[in-house]
Amino acid sequence: MACCVAVLIKENLIYLRRSAEELKFLFLIHASIDILDDKVNQLTKPTSDRDARDFYLGLLYPVEEYKIYGYVSSTRVKFILIFEHSTSISLKDQDIKLLFQRLHQAYIDCISNPFYEPNTQLKSKRFEQVVTSLMVQNDPLTSAIVSSQASSVPSTSAIVPTAI
Amino acid sequence: MVDETLFDYLHMSIVEHYNNENENDVETASAYLSQIGYRVGYSLGERLSKENARYRDELDTVKYLCKELWICLFKRQVDNLRTNHQGVYVIHDGRFRLLQQTLTTMNKPIDSNNRLHTLYIAYSNGLLRGILTNMGYPCRVTAEIVDFGVRFQIEVNPVVGQK
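Residues numbered from 1 in each chain as written. Chains lettered and ligands numbered in written order. Predicted model: local features only at pLDDT ≥ 70, side-chain atom pairs only at ≥ 80, totals over all residues. Heavy atoms only, no water.

Filter applied, for reference: UniProt positions are given in the numbering used here, feature names are shortened, and annotations may be inferred rather than shown by experiment.
Going by the annotation in an unreviewed UniProt entry, the name recorded for chain B is Trafficking protein particle complex subunit 6B, with Rotaria socialis given as the source organism. Among the UniProt annotations of chain B, the heading Sequence similarities (unreviewed entry) holds the following wording: "Belongs to the TRAPP small subunits family. BET3 subfamily." UniProt, in its Subcellular location (unreviewed entry) section for chain B, records the words "Golgi apparatus, cis-Golgi network".

The name an unreviewed UniProt entry assigns to chain A is Trafficking protein particle complex subunit 2-like protein, from the organism Rotaria socialis. Database annotation for chain A, UniProt heading Subcellular location (unreviewed entry): "Cytoplasm, Perinuclear region". What the UniProt record of chain A gives under Sequence similarities (unreviewed entry) is the line "Belongs to the TRAPP small subunits family. Sedlin subfamily."

As structure tokens, then:
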């Protein structure tokens with residue numbers, strides 16, 4: 001039930017899906033890169049405690065209406081999920097961890113494609129399907145995206161005119 | 001273990017293919033094979049490191065490569081790992097799996113002066129380079145054949161940043 005999903009490699013955004021065409025999401029993502037890097041640096045210090053699932057970085061920062069969660073893989077690929085407050089009250093840490101693991105697995109499958117060039121945009125249908133299942137289900141914008149899955153363009157600018 | 005033999009055959013045929021295409025130009029053929037290995041290593045590193053969590057520094061990553069990844073890739077453990085703590089690591093594997101097929105037919109240690117034999121380890125060079133680069137340590141890998149085994153030398157480039 002996220003409203004935004006982003007995947008970054010080394011500060012380059014290689015995948016972005018938003019439920020609404022707002023620049024705010026881009027701003028939030030850029031701001032949270034700093035916090036992600038902070039947490040990653042903390043984890044690499046030998047003195048800090050490490051638990052088995054070090055990838056999940058938890059709630060990065062609570063902005064007024066949104067909650068941002070981060071996840072980093074061993075290969076420094078960053079995944080960011082942004083949730084609205086209203087839809088995510090019932091979500092626990094454990095649920096979000098599972099969501100990230102699904103996303104990570106879909107990402108691995110996507111880059112294992114030998115025709116995929118590293119550091120380019122992710123354009124895999126299966127990856128899109130997994131992301132759609134993570135995004136808001138009831139939102140009319142996203143259900144329009146679901147019905148037009150034929151195109152692989154992640155942005156929703158073509159859908160906006162049909163929304164109320 | 002059918003998949004092992006399949007991969008051995010595939011590896012042997014691509015070595016032969018690039019050798020024939022480049023008319024004994026060992027350098028070009030090695031470069032091609034190394035690039036193939038790099039791409040494979042890039043994706044493999046991503047996939048295999050998902051299970052083993054924990055952020056590592058350089059030495060830890062190389063140790064992880066030697067212990068766990070070597071078993072996944074070559075079905076045995078590394079015999080020897082040495083380092084000078086300044087970014088150079090030497091990995092010695094006594095009976096390198098991808099060379100086994102050539103050994104059974106020739107029945108003698110591989111002549112390290114014969115440059116054609118180095119084509120057999122070009123792919124693995126690239127593989128290691130791809131895995132380490134994806135984990136954040138751009139490096140250069142060279143290898144030489146020593147008496148039925150292979151010695152890989154990894155130089156992690158300290159100048160290039162991690163992120």
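**Some points on the overall build of chain B**
Here is the rule: Each helix is a run of H or I in the DSSP string that is no shorter than four residues. Each strand is a run of E no shorter than two, and both are numbered from the N terminus. Relative accessibility decides the category of a residue: with a 1.4 Å probe and only protein chains considered, values under 20% of the type maximum give buried, values over 50% give exposed, and everything between is partly exposed. For this analysis, residues touch if any pair of their heavy atoms sits within 4.5 Å. Residue burial considers only the protein chains on display, and all accessible areas are found by Shrake-Rupley using a 1.4 Å probe.
Tallying secondary structure elements over chain B gives five helices and four strands in all. The N-to-C order of helical and strand elements in chain B reads α-α-α-β-β-α-α-β-β. Burial status across chain B gives 46% buried among its 163 residues. Sequence-distant contacts, at least 24 apart, represent 60% of the contacts inside chain B between residues at least 6 apart. As displayed, chain B has an accessible area near 8400 Å², and 51% of this comes from carbon and sulfur atoms.

**Some remarks on the sheet that holds strand β4 (residues 149-156) of chain B**
Strands belonging to one sheet form pairs held by backbone hydrogen bonds; the direction of such a pair is parallel or antiparallel. Residues and elements named next belong to chain B. Just so we agree on the cut-off: We treat two strands as partners when DSSP finds at least two bridges between them. To get an axis, fit a line to the C-alpha atoms, keeping to the stretch in contact for a helix; angles then go from 0 to 180 degrees between the N-to-C directions.
The antiparallel open sheet is built from four strands, whose spatial order is β1-β2-β4-β3. At either end of the open sheet lies a strand with only one pairing partner, and these are β1 (80-83) and β3 (139-146). Going across the sheet, the axis of each strand differs from the next one's by a mean of 15°, ignoring polarity. Inspection of the sheet shows strand β2 (residues 88-93) paired to β4 by six bridges, in the antiparallel sense. Note on β4: the bridge partner recorded for V88 is E155. With respect to the sheet, helix α3 (residues 58-74) is in contact with β1, β2 and β4, its orientation differing from that of β2 by roughly 15°. Sheet contacts for helix α5 (residues 119-134): β3 and β4; angle to β3, the most-contacted strand, approximately 150°.

**So, the confidence of the model for chain B**
To be explicit about the condition: Within a predicted model, pLDDT stands for the predictor's per-residue confidence, ranging from 0 to 100.
Mean pLDDT over chain B stands at 77; residues scoring 70 or higher make up 80%. For this predicted complex, the interface confidence reaches an ipTM of 0.78, while the overall pTM sits at 0.75.

**Thoughts on helix α3 (residues 125-134) of chain A**
For an α-helix, the turn length of 3.6 residues means that residues three or four places apart are oriented alike. Residues and elements named next belong to chain A. Our working rule: The reported arc concerns the directions from the helix axis to the C-beta atoms and nothing else.
Three or more residues of α3 are buried, namely F127, E128, V131, T132 and L134. For α3, the buried positions fall inside an angular range of 155° around the axis, keeping them on one side. Exposed side of α3, more than 90 degrees from the buried face: K125 and R126 are the residues found there.

**Some details on the pairing of strand β2 (residues 12-18) of chain A**
Residues and elements named next belong to chain A. For β2, the tally of buried residues reaches five of seven residues, placing the bulk of the element in the interior. Direction of pairing for strand β1 (residues 4-9) relative to β2: antiparallel, over a ladder of six bridges. Counted as the bridge partner of C4 is R18 from β2.

**Describing the packing of aromatic side chains**
Our working rule: Stacked, tilted and edge-to-face pairs are distinguished by plane angle, under 30 degrees for stacked and over 60 for edge-to-face with tilted covering the rest, among Phe, Tyr and Trp rings (Trp via its six-membered ring) whose centres lie within 6.5 Å.
The tally for this structure, following the rule as stated, stands at seven aromatic pairs over all chains. Taken together, a centroid distance of 5.0 Å and an interplanar angle of 10° make the contact between Y71 of chain A and F100 of chain A stacked. Here Y71 of chain A, found in strand β4 (residues 66-72), pairs with F100 of chain A, found in helix α2 (residues 93-111); they are 29 residues apart in sequence, far enough to count as distant. Here the aromatic rings of Y18 of chain B and Y32 of chain B are separated by 5.0 Å at their centres, their planes lie at 25°, and the arrangement is stacked. With Y18 of chain B in helix α1 (residues 2-21) and Y32 of chain B in helix α2 (residues 26-48), this pair connects stretches of sequence that are 14 residues apart. Residue class for Y18 of chain B comes out buried when judged on its relative accessible area of 17%.

**Section: the packing of α2 of chain A against α2 of chain B**
Put simply, the rule is: Each angle is binned into one of four classes, with values under 35 degrees roughly parallel, values over 145 roughly antiparallel, values of 65 to 115 roughly perpendicular, and all other values oblique. By convention, the crossing between two helices is left-handed when the near helix turns anticlockwise from the far helix through less than a right angle, and right-handed when the turn is clockwise. Think of it as three bins: nonpolar holds Ala, Val, Leu, Ile, Met, Phe, Trp, Tyr, Cys and Pro, charged holds Asp, Glu, Lys and Arg, and polar takes everything else, Gly as well.
At a closest axis distance of 9 Å, the pairing of α2 of chain A and α2 of chain B adopts a crossing angle of 170°. The angle between α2 of chain A and α2 of chain B falls in the class roughly antiparallel. As α2 of chain A runs across α2 of chain B, the sense of the crossing is left-handed. On α2 of chain B, the residues touching H104, Q105, Y107, I108, D109 and I111 of chain A of α2 of chain A are R39, S43, E46 and R47 of chain B. Split into classes, the residues belonging to the contact of α2 of chain A with α2 of chain B amount to three nonpolar, three polar and four charged.

**Comments concerning the packing of α2 of chain B against α5 of chain B**
Residues and elements named next belong to chain B. Here α2 crosses α5 at 40°, and the two axes come no closer than 6 Å. Relative to α5, the element α2 lies oblique. For the crossing formed where α2 meets α5, the hand is right-handed. Split into classes, the residues belonging to the contact of α2 with α5 amount to 13 nonpolar, ten polar and two charged.

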